[in-house]
Amino acid sequence: MTTPVTFPASLKNKLIVSCQALTGDPLDHVDTLRRMALSVIRGGAGGLRLGGKDCIAAVRRETNLPVIGILKRIENDDLFITPDFDSAREIVDAGADVIGLDCSARRPASAEPWQKLLPRIQGELGRPVLADIAILEEARAAEQAGAVAVATTMFGYTPSTAGRRCVDWNLVEQLVRSLSIPVVVEGHVHGPEDLRRAFDLGAFAVVVGAAITQPQAITERFVSAITR
């Protein structure tokens, strides 16, 4: 009998920090990201979102906090987020507690279809899937397919939402109202006021990345204030 998988209850009302770096960024180094993760844990992060087996394994040795793991791959300008079963197994073996999976319209056609991959991850690897989506219809499809939670990660990066760089609060409200699984707000969370608003609207957890862990993006925001 297969043991049901669930999203970690310990993440409810918690800040999850994404400790990742863009390819070529000076911070794109496993030990640097490990140290960054330890620093945000000291600051009170309730969980982490990490990319790649090496980074996940390095941080896993240092903490028991829940880790949402993904594997990113870029081919011919296509972004793959956990593209196939082997990549999911790789990050599970490294210590991920939850697998982040692109379930949006942006998922490249050459990637393994998420509709088939999602139940395999949960059934064969025994790890819950957090479905990265951009719109309500994608969230509903992911819930129907068995995802244990959805995240707004892909909002702003799919054909129908391209270029939008702020949280769609109407979408958050719709997701909370329409779904029976946890809703995670991720993407374009710029400050504590966004964090508070997400929880006030009923979000289960919130992921913050660039606003905390990317000095280049933080610096650009400050510089833009004096160069406009």
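Keep in mind that this is a model prediction, so the values were computed, not measured.

**A few points about the environment of A149**
- Following the sequence through the fold, A149 ends up in strand 8 (residues 149–151).
- Taking C-alpha positions, A149 is 40 Å from R228, a pair spaced 79 residues apart along the chain.
- Apart from residues no more than four positions distant in its own chain, A149 is found in contact with F7, V129, L130, A131, I181 and P182.

**Remarks on the sheet that holds strand 7 (residues 129–132)**
- Read around the closed barrel, eight strands run 1-2-3-6-7-8-9-10, paired in parallel fashion. For this sheet, the mean angle separating the axes of adjacent strands, direction not counted, is 25 degrees.
- Where strand 1 (residues 14–18) lies against strand 2 (residues 47–51), three bridges are found, and the strand directions are parallel. Opposite S18, over in strand 2, you have R49 as the bridge partner.
- Here helix 7 (residues 192–200) sits on the sheet in contact with strand 1, strand 9 (183–186) and strand 10 (205–208), set at roughly 155 degrees to strand 10.

**Let's talk about the packing of helix 1 (residues 30–42) against helix 2 (residues 53–60)**
- In the contact formed by helix 1 and helix 2, the axes pass within 9 Å of each other and the chain directions differ by 45 degrees. Taken together, helix 1 and helix 2 sit at an angle that is classed as oblique. For the crossing formed where helix 1 meets helix 2, the hand is right-handed. Residues V30, L33, R34 and A37 of helix 1 touch helix 2, and the partners they reach there are D54, C55, A58 and V59.
- Grouping the amino acids of the contact of helix 1 with helix 2 by side-chain chemistry returns six nonpolar, no polar and two charged.

**Comments concerning the environment of V167**
- Relative to the helices and strands, V167 is located in the loop between strand 8 and helix 6 (169–178).
- Take V167: its relative accessible area is 10%, and that puts it in the buried class.
- As for V167 and G100, which are separated by 67 residues in sequence, their C-alpha atoms are 19 Å apart.
- Not counting residues within four places of it along the chain, the set of residues in contact with V167 comprises V172, V185, G187, H188 and V189.

**Examining the state of the cysteines**
- Under the counting rule described, the total for this entry stands at zero disulfides.
- Of all cysteine sulfurs, the one in C19 lies closest to C55, which takes part in no disulfide; the gap is 7.4 Å.
- A residue is classified by how much of its surface remains accessible, and C55, at 3% relative accessible area, is buried.

Quick notes on the rules
- Residues numbered from 1 in each chain as written.
- Predicted model: local features only at pLDDT ≥ 70, side-chain atom pairs only at ≥ 80, totals over all residues.
- Heavy atoms only, no water.
- Helix = DSSP H or I, 4+ residues; strand = E, 2+ residues; numbered from the N terminus.
- Contact = heavy atoms within 4.5 Å.
- Pairing = 2+ DSSP bridges.
- Axes fitted to C-alpha atoms, helices over the stretch in contact; angles between N-to-C directions.
- Parallel < 35°, antiparallel > 145°, perpendicular 65-115°, else oblique.
- Left-handed = near helix turned anticlockwise from the far one by under 90°.
- Nonpolar A, V, L, I, M, F, W, Y, C, P; charged D, E, K, R; others polar.
- Buried < 20%, exposed > 50% of the residue type's maximum accessible area, 1.4 Å probe, protein only.
- Disulfide = S-S within 2.5 Å.

All quantities given are derived from atomic positions and should not be read as evidence of function.
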